[in-house]
Amino acid sequence: MEKKSGAAAEYLAALSEGRFIIQRCNECSKHIFYPREFCPHCSSSSLLWEDAKGSGTVYSTTTVRRKPEAGGDYNVALIELVEGVRMMSTLRGMAPDEVKIGMAVKARIEEGSGLVVFERAGEAL
Amino acid sequence: MSPRDLRGKVAIVGVGTAGCGEAPGYSDIELLALAAKAAVTDAGLQMSDMDGLCTANLNAAMWPLSVVEYLKLRPKFTEGTNIGGSSFVAHLLPSMLALEAGICDAVLVCYGSAQRSAPFSRKDVQRARGLLDPSPFEAPYAPFNPPSSYALIAARHMYQYGTTRRHLAEVAVAARRWAQLNPDAFARDPLTIDEVLKARMISDPFSKYDCCLVTDGAAAFVMVRADRAKALPNKPVYVLGNATAVWHRNVSGMDDLTVTPSKESGERAFAMAGMTVRDIDVVQTYDAFSINTILALEDLGFCKKGEGGPFVEDGGIAPGGKLPVNTNGGGLSCVHPNMYGAFATIEAVRQLRGDCGERQVQGAKIALVNGNGGVCAASQSTAILGSAEVL
């Protein structure tokens, strides 16, 4: 095999080092998420890793209901990144039912979980 | 050869169900066997006549092996494709090809699940699936699937088209009103729009009544070539069209949350049957969640995209409404043991045979079945079935 690991492991390794990266196709220039071994748009194997810009909007959102003793309600959202790809994540720093579709959000890597999570972006964005 | 050449060449000649609702003490394979026996008997055939088999189960990757052994079959045609609950609708076209090519002479499509009474919990199943079939880019965020993925779809549909929770509740109430006409339905208590809206929330915008039942149950049906069907005891129900579309696995992998694979499977199934929505007398569509019915009505062309909410308003799909949909009560109120596709097919057959008693759609000659699979409308299969008059 050409590489030490598949694209998914490369993505997770970068996350564990504090970098949120996404792939871009060197042939058709489209961004790709989740990470793949070749471009799903044009089949090129020439994929580059880029730092994600980290900004996007809420494409859809749901409040998952859970008993308070199990941790209470929480948010699950689909985020459309400015690069044009969509990912599942969750909104932090606000009540789950305050998350609205179309809201501008920015990414951070959460300490502890190591996950990419999002917060509401400032008005400037 | 084109799909059109297969139109009406195969008929469903026997149907059977078993253990629908609660069947404590029974296993998946036992329920399946009871439904299979009932379907073969209904067809006027013997189990030893079944030389084709289609089956799938959510918990066993090599499920056809278990079924072949239990039923002591020696199939010349085995189809174990598992694309979720749509599988048993998607099994129609491969069966037609096998029958028409003379590979086999009678196909048994069968399914059984003791999901409700199983001795293990939903958490046990999720843990096992997470290990064997991981979803690494969604699972860390703990969507409560399948409700959460369909909830994300519903939320987007509401945002784009102004669909309301009241529209979703109309679907649940219509299903319940049909179930009240079906003595075999599991949930038959009266249900109002307000009760749906005020019920315990599961994953917004869904309350518990927007989510399908969790029941036990088994379903089976038998297919033979049309020439042979005429000699069998039941009124044959012909397969006029069938097409399957598989688009994604995860909700984050959908191009547009508001458009489902039925858009493609419906167009191809209608083309094969040479028909349009105007020809359809009765619809059986897989209602895993209330939003599914609205999406299916739009994507199949019964109304325009975004108009599914208004379409179901004021009892639009309830008994006495403008289009009879899910006349058994559907997955929301009749039966839902993990995968519902075979049950939807059987209700369509029963309607076309005129066996539906109080819920019978008078004069029904053409039925549409729409199967749904996966946690987010991942796969869908559409079938057009008809009685002899429309061949």
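It should be emphasised that the depicted structure is a prediction, and the values quoted were computed from it without experimental measurement.

Caption draft 1: Broad picture of the environment of Ile291(B). Residue and element names in this part refer to chain B. Along the polypeptide, Ile-291 turns up in helix H11 (residues 290-299). Residue class for Ile-291 comes out buried when judged on the 29 C-beta atoms lying within 10 Å of it. On a C-alpha basis, the gap between Ile-291 and Met-158 in space is 10.0 Å, while along the polypeptide they are 133 residues apart.

Caption draft 2: Inspection of the interface of chain A and chain B at higher detail. Listed per partner, the contact involves 19 residues of chain A and 20 residues of chain B. For the side of chain A that touches chain B, the elements supplying multiple residues, two or more each, are strand E4 (55-64), strand E5 (74-81) and strand E6 (86-89) of chain A. The dominant element in the side of chain A that touches chain B, judged by the number of residues it contributes, is E4(A), at six residues. Split into classes, the residues belonging to the side of chain A that touches chain B amount to ten nonpolar, six polar and three charged.

Caption draft 3: Molecular detail of the sheet that holds strand E3 (residues 47-51) of chain A. Residue and element names in this part refer to chain A. With antiparallel pairing, three strands are arranged side by side in an open sheet as E2-E1-E3. Of all strands in the sheet, those with a lone pairing partner are strand E2 (31-32) and E3, marking the two edges. Strand direction decides the pairing type here: strand E1 (residues 21-25) and E3, joined by five bridges, are antiparallel. Note on E3: the bridge partner recorded for Gln-23 is Trp-49.

Caption draft 4: Inspection of the confidence of the model for chain B at higher detail. Of all residues in chain B, 100% attain a pLDDT of 70 or more, and the chain-wide mean is 97. Two summary scores accompany this predicted model of the complex, namely pTM at 0.97 and ipTM at 0.97.

Caption draft 5: Seen up close, helix H1 (residues 28-42) of chain B. Residues and elements named next belong to chain B. Compared with an ideal rise of 1.5 Å per residue, which puts 15 residues at 21 Å, H1 spans 21 Å between its outermost C-alpha atoms and is within 8% of the ideal. All buried positions along H1 are accounted for by Asp-28, Ile-29, Leu-31, Leu-32, Ala-33, Ala-35, Ala-36, Ala-39 and Val-40. Summarising the contacts, the buried residues of H1 are in contact with strand E1 (10-21), helix H2 (63-71), strand E4 (106-113) and strand E7 (216-225).

Caption draft 6: Just the packing of H1(B) against H2(B), in detail. Residue and element names in this part refer to chain B. Following both chains from N to C, one finds H1 and H2 inclined at 60 degrees, their axes separated by 11 Å at the closest point. Taken together, H1 and H2 sit at an angle that is classed as oblique. Between H1 and H2 the crossing geometry is right-handed. Here H1 contributes Ile-29, Leu-32, Ala-33 and Ala-36 to the contact with H2, which in turn contributes Ser-66, Val-67, Tyr-70 and Leu-71. Of the residues contributing to the contact of H1 with H2, the split by class is seven nonpolar, one polar and no charged.

Caption draft 7: Representation of the sheet that holds E1(B) in the model. All names here are of chain B. Pairing is mixed in the open sheet, where nine strands are placed in the order E3-E2-E4-E7-E1-E8-E11-E10-E9. Among the strands making up the open sheet, the edge pair consists of strand E3 (77-79) and strand E9 (282-285). Neighbour-to-neighbour, the strand axes of the sheet open up by a mean angle of 20 degrees, direction not taken into account. Pairing geometry for E4 and E7, over eight bridges, is antiparallel. In the sheet register, Cys-110 faces E7, and the bridge partner there is Ala-220.

Caption draft 8: Focus on the domain arrangement of chain A. All names here are of chain A. The domain architecture assigned to chain A consists of domain 1 (7-51) and domain 2 (55-120). Here the C-alpha centroids of domain 1 and domain 2 sit 22 Å apart. Counting residues at the interface gives eight residues for domain 1 and eight residues for domain 2. Taken together, the elements giving at least two residues each to the side of domain 1 that touches domain 2 come down to helix H1 (7-16) and E2. Across the side of domain 1 that touches domain 2, the residue classes tally to five nonpolar, three polar and no charged.

Caption draft 9: Molecular detail of the packing of helix H7 (residues 165-179) of chain B against H11(B). Residues and elements named next belong to chain B. Across the interface, H7 lies against H11 with an axial gap of 8 Å and an inter-helix angle of 95 degrees. One finds that H7 runs roughly perpendicular with respect to H11. On the side of H7, the interface is formed by His-167, Leu-168, Val-171 and Ala-172, while H11 contributes Ser-290, Ile-291, Thr-293 and Ile-294. For the contact of H7 with H11, the per-class residue count stands at five nonpolar, three polar and no charged.

Caption draft 10: Region of the structure containing the environment of Met87(A). Of note, Met87(A) is situated in strand E6. Among the residues examined, Met87(A) registers 23 C-beta atoms within 10 Å and is labelled buried. Along the primary structure Met87(A) and Thr57(A) are separated by 30 residues, whereas in three dimensions their C-alpha atoms are 11 Å apart. Beyond its immediate stretch of four places on either side in the chain, Met87(A) contacts Phe33(A), Ile79(A), Leu81(A), Phe137(B) and Ser252(B).

How each quantity is defined
- Residues numbered from 1 in each chain as written.
- Chains lettered and ligands numbered in written order.
- Predicted model: local features only at pLDDT ≥ 70, side-chain atom pairs only at ≥ 80, totals over all residues.
- Helix = DSSP H or I, 4+ residues; strand = E, 2+ residues; numbered from the N terminus.
- Buried ≥ 20, exposed ≤ 12 C-beta atoms within 10 Å, placed from the backbone.
- Contact = placed C-beta atoms within 7 Å.
- Nonpolar A, V, L, I, M, F, W, Y, C, P; charged D, E, K, R; others polar.
- Pairing = 2+ DSSP bridges.
- pLDDT = per-residue confidence, 0-100.
- Expected span 1.5 Å × (residues − 1).
- Axes fitted to C-alpha atoms, helices over the stretch in contact; angles between N-to-C directions.
- Parallel < 35°, antiparallel > 145°, perpendicular 65-115°, else oblique.
- Left-handed = near helix turned anticlockwise from the far one by under 90°.
- Domains from an automatic or database assignment.

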